[in-house]
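Below, each chain spelled out in residue letters.
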Amino acid sequence: MPLDKLKEKALGAAGGLKDKISDLKGNIFGTEEEEIKEEFKDSGTSKIQEMLNYITDSTDLIHRAGFELSGLGISIAIAPIIKVSFAFIKKISEDERVNVLEEVKEKRIMKILLVCLFKASDFVDGIKVGNYKLGGVDISLGLTPGINVTFKK
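In what follows, the accompanying structure is described. (Residues numbered from 1 in each chain as written. Predicted model: local features only at pLDDT ≥ 70, side-chain atom pairs only at ≥ 80, totals over all residues. Heavy atoms only, no water.)

Points about the overall build of the protein chain
Counting its regular elements, the protein chain contains six helices and four strands. Secondary structure elements in the protein chain, listed N-terminal to C-terminal, are α-α-α-α-β-β-α-α-β-β. Burial analysis of the protein chain (153 residues in total) assigns 34% to the buried set. Partitioning the contacts of the protein chain with sequence separation of at least 6, the portion at a separation of at least 24 is 58%. Summed over its atoms, the accessible surface of the protein chain is roughly 9400 Å², and 53% of this surface lies on carbon and sulfur atoms. (Helix = DSSP H or I, 4+ residues; strand = E, 2+ residues; numbered from the N terminus. Buried < 20%, exposed > 50% of the residue type's maximum accessible area, 1.4 Å probe, protein only. Contact = heavy atoms within 4.5 Å. Areas by Shrake-Rupley, 256 points an atom, 1.4 Å probe, with all protein chains shown as cover.)

Here's the deal with the packing of helix H5 (residues 94-103) against helix H6 (residues 108-125)
Helix-helix packing is characterised by the crossing angle of the two axes and by the distance between the axes. One way to put it is that H5 packs onto H6 with a least axis distance of 9 Å and a crossing angle of 160°. Comparing the axis directions of H5 and H6 gives the class roughly antiparallel. Both H5 and H6 take part in a crossing whose hand is left-handed. Side by side, H5 and H6 meet where Arg97, Val100 and Leu101 of the first sit next to Lys111, Leu114, Val115, Phe118, Ser121 and Asp122 of the second. (Axes fitted to C-alpha atoms, helices over the stretch in contact; angles between N-to-C directions. Parallel < 35°, antiparallel > 145°, perpendicular 65-115°, else oblique. Left-handed = near helix turned anticlockwise from the far one by under 90°.)

Considerations on the nonpolar core
Judged by nonpolar contacts, the single largest core of 30 residues is most densely connected at Phe86, Leu113, Leu114 and Ile139. Those elements that provide at least two residues to this core are helix H3 (45-56), helix H4 (59-64), strand S2 (81-88), H6 and strand S3 (133-141). Of all the elements, H6 adds the most residues to this core, at 11 residues. (Core = buried A, V, L, I, M, F, W, Y, C linked by side-chain atoms within 4.5 Å.)

With respect to the pattern of salt bridges
Following the criterion strictly, the structure yields seven salt bridges and no others. Glu103 is paired through a salt bridge with Arg64; the nearest N and O atoms lie 2.7 Å apart. On the criterion of sequence distance, the pair formed by Glu103 in helix H5 and Arg64 in helix H4 is long-range, its members being 39 residues apart. Arg64 sits in the partly exposed class, given a relative accessible area of 35%. Several salt bridges converge on common partners, so that one network encompasses Lys91, Arg97, Asp122 and Asp125. (Salt bridge = Lys/Arg side-chain N within 4 Å of Asp/Glu carboxyl O.)

Overview of the packing of aromatic side chains
As enumerated under the stated definition, the model contains one aromatic pair in all. An angle of 70° between the planes, with centres 5.4 Å apart, marks the rings of Phe67 and Phe88 as edge-to-face. With Phe67 in strand S1 (residues 67-75) and Phe88 in strand S2, the pair connects residues that are 21 residues apart, well separated along the chain. Here Phe67 falls in the buried class, since its relative accessible area comes to 1%. (Phe/Tyr/Trp six-rings, centres within 6.5 Å; stacked < 30°, edge-to-face > 60°.)

Here it is, written out as structure tokens:
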């Protein structure tokens, strides 16, 4: 009987995680997905270089958002993909989030990145994975955007 209850709990937790992932996908990739696709629709080498420079020039802003830029990558394909990796430093207050987002309201790519980081952080707050906490977030920018969340002890 205890084994049946354990199995039932595990299935319930997995179902809850699936629902949270679906919610996250819907919440993050609403209007932002179309904005990302628009940016990458006709992206060539110069556009990719411009985006990479813009991201690397925004490290102070990223740091104030509670993250650190930890890596950049490019997938070379018919439609290139930029992968941006962030290490989680600390959770910032709602007021700090509003202030940081206000600074980038006219800077589409940075706004999208910060919104994705904040939503990923909120998502992780809503689930528990043993003694693990948010370690980092990888965001893929391209015609098919995506977010990977990693946990650490």
